[in-house]
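Remarks on the overall topology
Residues per chain, in single letters:
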Amino acid sequence: LALARMSLSTGECDSALNRLQKQKDIAVYVEEVRLAIAQSQVCLGKFEDYLLLRGDADIKKSPLALSWQMVETEYLFKTGSFVKARDLVSSLQKANSNFPEIHYWLWKSAVEMKIKADGSGPKYLTACKGLNSRLTRQFLQEPQLCRRITEVETFLKKNNNSEI
């Protein structure tokens, strides 16, 4: 599982999915494996497979609910449902304000929709730079945790620190 997560964090989605498919046969009911498979499927654009897997999971009652909702956010974003993605992330923001990826997706959706981002880009950068080992362990299920700093910094520099 750790090697699959590492593959996901470096964008090697095929490698991650191949590793996870082997684990799935052994640990079919282990939620962490199912989540990582879902993350790989969305990463690869295998949305039908993701929807089938997601349909089997009770996302809101899961101890990994935040991670499942981040996968759903990425899925919505990749399928062009920016408003739905933004609404989902906005609903998670209050209870999970220290989770950097929420700020990233708020920023990214604002950029795509060409609306004011309310400082989400700089909030993402600040949250990532302030990430400590306790928070890193808390968000262990998120393979892209603070992996998009360069994207946000580059955009902000190109646009004179203006988000839109």
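Note: the structure precedes this text.
Attention in this report is confined to the structure presented alongside it. (Residues numbered from 1 in each chain as written. Predicted model: local features only at pLDDT ≥ 70, side-chain atom pairs only at ≥ 80, totals over all residues. Heavy atoms only, no water.)

Quick look at the nonpolar core
Which entries qualify depends on this criterion: Throughout this description, the term nonpolar core refers to a set of buried Ala, Val, Leu, Ile, Met, Phe, Trp, Tyr and Cys residues connected via side-chain atoms within 4.5 Å. Buried means the residue's accessible area, taken with a 1.4 Å probe over protein chains only, is under 20% of the maximum for its type, while exposed means over 50%, and partly exposed covers the values in between. Runs of H or I in DSSP of at least four residues are treated as helices and runs of E of at least two as strands, each being numbered from the N terminus.
M70, F99, I102, Y124 and V152 are the most contacted members of the largest nonpolar core, which totals 42 residues. Looking at this core element by element, the count peaks at seven residues for helix α5 (residues 65–78).

A word on the layout of surface pockets
Note the threshold: Put plainly, a pocket is an open set of points on a 1 Å grid over the protein atoms alone with protein on both sides within 12 Å along at least five of seven lines, a cavity is a set where a 1.4 Å probe fits but cannot get out, and a lining residue has an atom within 4 Å of a point. Grid points are joined across faces, edges and corners, and a volume is the space filled by probe spheres set on the points.
Taken as a whole, the largest pocket spans an internal volume of roughly 200 Å³. If you go around the largest pocket, you meet 17 residues; those closest to its centre are Q39, E74, P143, Q144 and R148. Of all the secondary structure elements, the ones that give two or more residues to the lining of the largest pocket are α3 (31–44), α5 and α7 (100–113). Sort the elements by how many residues they give to the lining of the largest pocket and α5 lands first, with five residues.

Here we look at the packing of aromatic side chains
Quick reminder of the rule: Classification of ring pairs rests on two measures: the distance between centres of Phe, Tyr or Trp rings, Trp counted by its six-membered ring, which must be within 6.5 Å, and the angle between planes, read as stacked under 30 degrees, edge-to-face over 60 and tilted in between.
Under the defined criterion, the tally for this structure stands at nine aromatic pairs. Aromatic side chains W107 and F155 sit 5.4 Å apart centroid to centroid with 80 degrees between the ring planes, which places their arrangement in the edge-to-face category. Here the residue W107 occupies a position in helix α7, and F155 occupies one in helix α10 (residues 149–158), the gap between them amounting to 48 residues. Grouping aromatic residues by their ring pairs yields a cluster made of F77, F82, Y104, W105, W107, Y124 and F155.

Focus: α7
So the rule is basically this: Between the first and last residue of a helix there are one fewer steps than residues, each counted as 1.5 Å, and that sum is the expected span. Here, two residues are considered to be in contact whenever any of their heavy atoms come within 4.5 Å of each other.
Here α7 is 14 residues long and its end C-alpha atoms lie 20 Å apart, about the 20 Å a rise of 1.5 Å per residue gives. Among the 14 residues of α7, 12 are classified as buried, and the element is accordingly described as predominantly covered. Of all the residues in α7, the buried ones are P100, E101, I102, H103, Y104, W105, L106, W107, K108, S109, A110 and V111. Looking at the buried residues of α7, the elements they touch are α5, α6 (82–93), α8 (120–129) and α10. After α7 finishes, the residue K114 shows a positive phi value of roughly 55 degrees.

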